[in-house]
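What follows is the residue order along each chain.
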Amino acid sequence: MDFKTADICDDYASKLEVCQSEFKSYGEKPKFFGPVATVKVFEDNVLVVESLESIPEGSVLVVDGGGSRRCALMGDRLGGIAETRKLAGVIINGCVRDSEDLAKLDVGIFALGSNPLKSKKEGKGEKQVTVTFGGIDWKPGLFVYADQDGVIVSEQKLL
C-alpha cells in the first residue's frame, strides 16, 4: 500500500505523535507501517534476535538501543530474519552494520546510523515493554508509519 506520512499527518494530526528522532533508511523498503512490538536493550542484541524470530508477520520491531552508536544491533543475518518472517520493518534507536547487504533486503530498516562493530551477546534487556525515545512512548500494539519524511505513531490503525 502506498502512503505518505505527510498526508496521514494532514488527515489525522490530532490522533498522531511525530517521532523527533531522525533516522536513515537501510532496507530496500523506504516506507513501511504496521503494529508495534518493542525491545529495550543496550549494546546487546540477543533479545533483538528473539523478538525478530517471534513477533507476528507484518509487525514493526521498535528497538530502543539507548541511542548508542558504539556498536550495531542489527546486521545482515538479523535483517535476513526480518525479511524471511515478512516483518514490515525495524526501527532502531541505535546502529546497524552490513549496510550494503541490508539495502538488498525486502524489509524496512530505519536506524540512527551504522557501525561495523557487533554487539555483546549477554541477553540483557526487556521485551514488549514501553520504550521512550524521540519524544514518543512506544507501546506494543500502537501503529507506526515510516517513510522518508519521518516516523509517526497512532493508537489506531489509520490505513
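This structure is a prediction, so every number in the text was calculated from the model and none was measured.

Draft legend 1. Structural context of the packing of helix 2 (residues 46–54) against helix 3 (residues 76–84). Two elements in contact, helix 2 and helix 3, have axes separated by 8 Å at closest approach and are oriented at 20°. Taken together, helix 2 and helix 3 sit at an angle that is classed as roughly parallel. The hand of the helix 2/helix 3 crossing is left-handed. Side by side, helix 2 and helix 3 meet where V48, V49, L52 and E53 of the first sit next to R77, L78, I81 and A82 of the second. In the contact of helix 2 with helix 3, the residues fall into six nonpolar, no polar and two charged.

Draft legend 2. Seen up close, the pairing of strand 6 (residues 89–96). The buried count for strand 6 comes to eight of eight residues, which makes it a mostly enclosed element. Bridge count between strand 4 (residues 60–64) and strand 6: five bridges; the pairing is parallel. Bridged to D64 within strand 6 is N93. Both strand 5 (residues 72–74) and strand 6 contribute to a ladder of two bridges, which runs parallel. When the bridges of strand 6 are listed, M74 appears paired with V96. With six bridges connecting them, strand 6 and strand 7 (residues 108–114) associate as parallel partners. Each residue of the ladder has a partner; that of I92, found in strand 7, is A111.

Draft legend 3. Spatial organisation of the UniProt feature "binding site: substrate" (unreviewed entry) in the chain. Residues annotated by UniProt as "binding site: substrate" (unreviewed entry) correspond here to G75, D76, R77, L78 and R97. The named residues occupy 23 residues along the chain; their greatest pairwise C-alpha distance, 10.3 Å, places them in one compact cluster. Apart from the residues lying within four places of it in its own chain, the contact partners of G75 are R97, D98 and L102. Tracing the backbone through its elements, the reader meets D76 in helix 3.

Draft legend 4. Quick peek at the pairing of strand 4. Of all the five residues making up strand 4, five are buried; the element is thus mostly covered by neighbouring parts of the structure. Neither face of strand 4 is exposed, since V60, V62 and D64 on one face and L61 and V63 on the opposite face are all buried. Where strand 3 (residues 32–40) meets strand 4, five bridges bridge the pair, whose relative direction is parallel. By the bridge assignment, A37 is partnered in strand 4 with L61. Read as a crossover between parallel neighbours, the route from strand 3 over helix 2 to strand 4 is right-handed.

Draft legend 5. View of the packing of aromatic side chains. In this structure the tally under the stated criterion is seven aromatic pairs. An angle of 90° between the planes, with centres 5.4 Å apart, marks the rings of F3 and F33 as edge-to-face. With F3 in the segment before helix 1 (5–12) and F33 in strand 3, this pair connects stretches of sequence that are 30 residues apart. Residue F33 is classed as partly exposed on the basis of its relative accessible area, which comes to 21%.

What counts and what doesn't
Residues numbered from 1 in each chain as written. Predicted model: local features only at pLDDT ≥ 70, side-chain atom pairs only at ≥ 80, totals over all residues. Heavy atoms only, no water. Axes fitted to C-alpha atoms, helices over the stretch in contact; angles between N-to-C directions. Helix = DSSP H or I, 4+ residues; strand = E, 2+ residues; numbered from the N terminus. Parallel < 35°, antiparallel > 145°, perpendicular 65-115°, else oblique. Left-handed = near helix turned anticlockwise from the far one by under 90°. Contact = heavy atoms within 4.5 Å. Nonpolar A, V, L, I, M, F, W, Y, C, P; charged D, E, K, R; others polar. Buried < 20%, exposed > 50% of the residue type's maximum accessible area, 1.4 Å probe, protein only. Pairing = 2+ DSSP bridges. UniProt positions renumbered as here; feature names shortened; annotations may be inferred. Right-handed = clockwise from strand over helix to strand, strands pointing away. Phe/Tyr/Trp six-rings, centres within 6.5 Å; stacked < 30°, edge-to-face > 60°.

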